[in-house]
Amino acid sequence: MVRDRLERIGVVGAGTMGSGIAQVAATHGYEVVLRDVDPEFVERGFDAIDDSLTRLESRDALPDDSGTIRDRIEGSTDLEAIADCDLVVEAVVEDLDVKREVFADLEATCDREALLATNTSTLSITSIAGNLERPGRVVGIHFMNPVPIMDGVEVVVGEKTSDDAVALAHEFSGDLEKETWEADDRPGFVANRILMPWINEGIRAYDEGVASKEDVDRGMELGTNVPMGPLRLADHIGLDVCLHATETLHEELGDRYRPAYLLKRKVEAGDLGKKSGRGFYEYES
């Protein structure tokens with residue numbers, strides 16, 4: 001069984017996704033604990049939250065003033081700070097061993113009825129929860145990036161995820177004014193199984209001279225009515241993140257997901273996209 005009511009939310013990992021999740025939960029009235037292993041990481045997470053709230057407030061896009069929302073978020077490096085949370089969302093690095101370690105710590109720390117969720121974009125929910133005593137309370141709640149802007153959430157059902165956990169994941173996402181879709185625990189789920197080859201093929205088209213990078217993106221934006229073409233979207237996601245996701249899918253699903261050569265070369269050169277100031281395009285620091 002998991003709790004049927006959520007009031008206090010824990011987020012483990014204060015990076016781009018974790019800070020975004022914390023911000024959106026606090027915006028919608030939840031008390032939030034944002035936890036990471038290093039005080040500097042927590043501080044960076046709050047810097048990102050403050051910047052985002054300031055932009056949204058300038059557009060009158062917040063239900064409360066930014067200070068009130070910010071005050072609902074507590075930062076910590078202590079895992080015990082999330083011990084009384086009703087839901088904990090893990091948003092650490094996309095590494096199965098790291099995630100398994102985090103969930104072992106969460107199981108030992110959190111209340112037995114707390115819902116434990118992972119924000120993984122490609123890794124198996126079943127594998128992440130495989131060594132736990134109560135894997136039924138583990139569910140995938142995959143937010144889209146950037147979390148404060150994107151409307152969708154992918155709810156992913158592991159082999160032993162309980163019906164109650166799935167229902168609560170949908171309910172929580174709805175409370176955040178997100179629309180959900182549900183996916184089985186297969187490689188890449190729905191979003192990245194389709195998105196990553198789209199990005200990968202866009203990179204190949206540019207690399208092979210089919211069109212300029214601008215026209216690859218413009219062709220997809222105008223031709224399919226998406227807000228951002230594959231190369232610019234890859235820059236916003238992070239080229240290292242795209243490469244890791246594509247490599248995971250390639251390992252699981254075969255050659256149709258083989259990473260584009262130019263994607264690998266960009267990552268090796270340290271051109272990771274918007275976060276590094278340079279990817280397929282250049283960005284201000």
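Residue numbers run consecutively from 1 along every chain, following the written order of its sequence. Side-chain atom pairs in this predicted model are given and counted only at pLDDT of 80 or more, local residue features only at pLDDT of at least 70, and totals for whole chains, interfaces and linings cover all residues. Think of the side-chain values as coming from all heavy atoms in the structure, minus any hydrogens and water.

## Topic: the overall build of the protein chain
Numbering of helices and strands starts at the N terminus; helices are DSSP runs of H or I of at least 4 residues and strands are runs of E of at least 2. Regarding its fold elements, the protein chain presents 11 helices and eight strands. Scaling as 2.2 N^0.38, a compact globule of 285 residues should have a C-alpha radius of gyration of about 19 Å, and the protein chain matches this with 19 Å. Here the C-alpha coordinates of the protein chain stretch approximately 55 × 45 × 35 Å along the principal axes. The buried label goes to any residue with under 20% of its type's maximum accessible area, the exposed label to any with over 50%, and the partly exposed label to all in between, with areas taken from a 1.4 Å probe on protein chains only. Each of the 285 residues in the protein chain was classed as buried or not, and the buried ones make up 51%. Contact definition: two residues touch when any of their heavy atoms are within 4.5 Å. Considering only contacts within the protein chain whose residues lie at least 6 apart along the sequence, 69% involve residues at least 24 apart. Using the Shrake-Rupley algorithm and a 1.4 Å probe, accessible areas are obtained, with residue cover drawn only from the displayed protein chains. Total accessible area computed for the protein chain in this model is approximately 13,800 Å², and 45% of it derives from carbon and sulfur atoms. Residues scored as positive are Lys and Arg, those scored as negative are Asp and Glu, and His as well as the terminal groups of each chain are ignored. Lys charges are placed at NZ, Arg charges at CZ, Asp charges at CG and Glu charges at CD. Taking the average place of the 30 positive charges on the side chains of the protein chain and the average place of its 59 negative ones, the gap between the two points comes to 4 Å. The quantity called the radius of gyration is restricted to C-alpha atoms. Its globule counterpart is 2.2 Å times the number of residues to the power 0.38.

## Regarding the pairing of strand 6 (residues 138-143)
The buried fraction of strand 6 is high, at six of six residues. Going residue by residue along strand 6, you find V138, G140 and H142 tucked away on one face and V139, I141 and F143 tucked away on the opposite face as well. In terms of strand pairing, strand 5 (residues 115-118) meets strand 6 through three bridges, oriented parallel. Directly across from T118, in strand 6, lies its bridge partner G140. As paired strands, strand 6 and strand 7 (residues 152-157) are joined by four bridges and run antiparallel to one another. Of the residues in strand 7, the one forming a bridge with F143 is V153. By the convention used here, strands pair only if DSSP detects at least 2 bridges between them.

## A closer look at unusual backbone geometry
Residue P146 is reached from N145 by a cis peptide bond, and omega for that bond is 0°. The topology assignment puts P146 in the loop between strand 6 and strand 7. The backbone of E177 shows a phi angle near 60°, a positive value even though the residue is not glycine. Positionally, E177 belongs in the loop between helix 6 (163-175) and strand 8 (179-184). Located in the positive-phi region is F189, a residue other than glycine, with phi close to 55°. By the secondary structure assignment, F189 is in the loop between strand 8 and helix 7 (191-207).

## A few points about the packing of helix 9 (residues 230-237) against helix 10 (residues 239-253)
Lines fitted to C-alpha atoms define the axes here, with helix axes fitted over just the stretch in contact, and angles between the N-to-C directions of these axes take values from 0 to 180 degrees. Put simply, helix 9 and helix 10 touch, their axes get as near as 6 Å, and they point 100° apart. Accordingly, the angle class assigned to the pair helix 9 and helix 10 is roughly perpendicular. Residues A234, D235 and I237 of helix 9 touch helix 10, and the partners they reach there are L239, V241 and C242. Reported orientations rely on four angle classes, namely roughly parallel under 35 degrees, roughly antiparallel over 145, roughly perpendicular from 65 to 115, and oblique for the rest.

## With respect to the packing of helix 8 (residues 213-224) against helix 9
Two numbers describe how helix 8 lies on helix 9: the axes approach to 7 Å, and their chain directions differ by 100°. What the angle tells us is that helix 8 and helix 9 run roughly perpendicular. Between helix 8, through K213, V216, D217 and M220, and helix 9, the contact on the second element is made entirely by P230, L231 and R232. Residue polarity follows a fixed list, in which Ala, Val, Leu, Ile, Met, Phe, Trp, Tyr, Cys and Pro are nonpolar, Asp, Glu, Lys and Arg are charged, and the others, Gly among them, are polar. The class makeup of the residues in the contact of helix 8 with helix 9 is four nonpolar, no polar and three charged.

## Thoughts on the environment of M196
Relative to the helices and strands, M196 is located in helix 7. In this structure M196 comes out as buried when scored by relative accessible area, which is 3%. The spacing of M196 and L249 is 53 residues in sequence and 8.7 Å in space, taken between C-alpha atoms. Contact partners of M196, with chain neighbours within four places excluded, come to C242, A245, T246 and L249.

## Quick notes on the domain arrangement of the protein chain
We note that the domain assignment places domain 1 (8-184) and domain 2 (190-275) within the protein chain. Relative placement of domain 1 and domain 2: their C-alpha centres are 26 Å apart. Facing the 10 residues of domain 1 at the interface are eight residues of domain 2. Taking both sides of the interface into account, the surface hidden between domain 1 and domain 2 amounts to around 650 Å²; carbon and sulfur atoms contribute 58%. As a working definition, buried area equals the accessible area (1.4 Å probe) given up by two parts on being put together, with both sides summed. When the buried surface of domain 1 facing domain 2 is broken down by residue, E94, T122 and N145 rank first, second and third, together holding 51% of it. A pair is scored as a salt bridge if a Lys or Arg side-chain nitrogen falls within 4 Å of a carboxyl oxygen belonging to Asp or Glu. If you look at where domain 1 meets domain 2, you find zero salt bridges. Pairs of N or O atoms are called polar contacts if they sit within 3.5 Å, as long as, within protein, a hydrogen donor faces a hydrogen acceptor (for residues adjacent in sequence, only side-chain-to-side-chain pairs). Where domain 1 touches domain 2, the interface holds four residue pairs in polar contact (both at pLDDT 80 or more). For the side of domain 1 that touches domain 2, the residue count by class is four nonpolar, four polar and two charged. Here the bounds of each domain stem from an automatic or database domain assignment.

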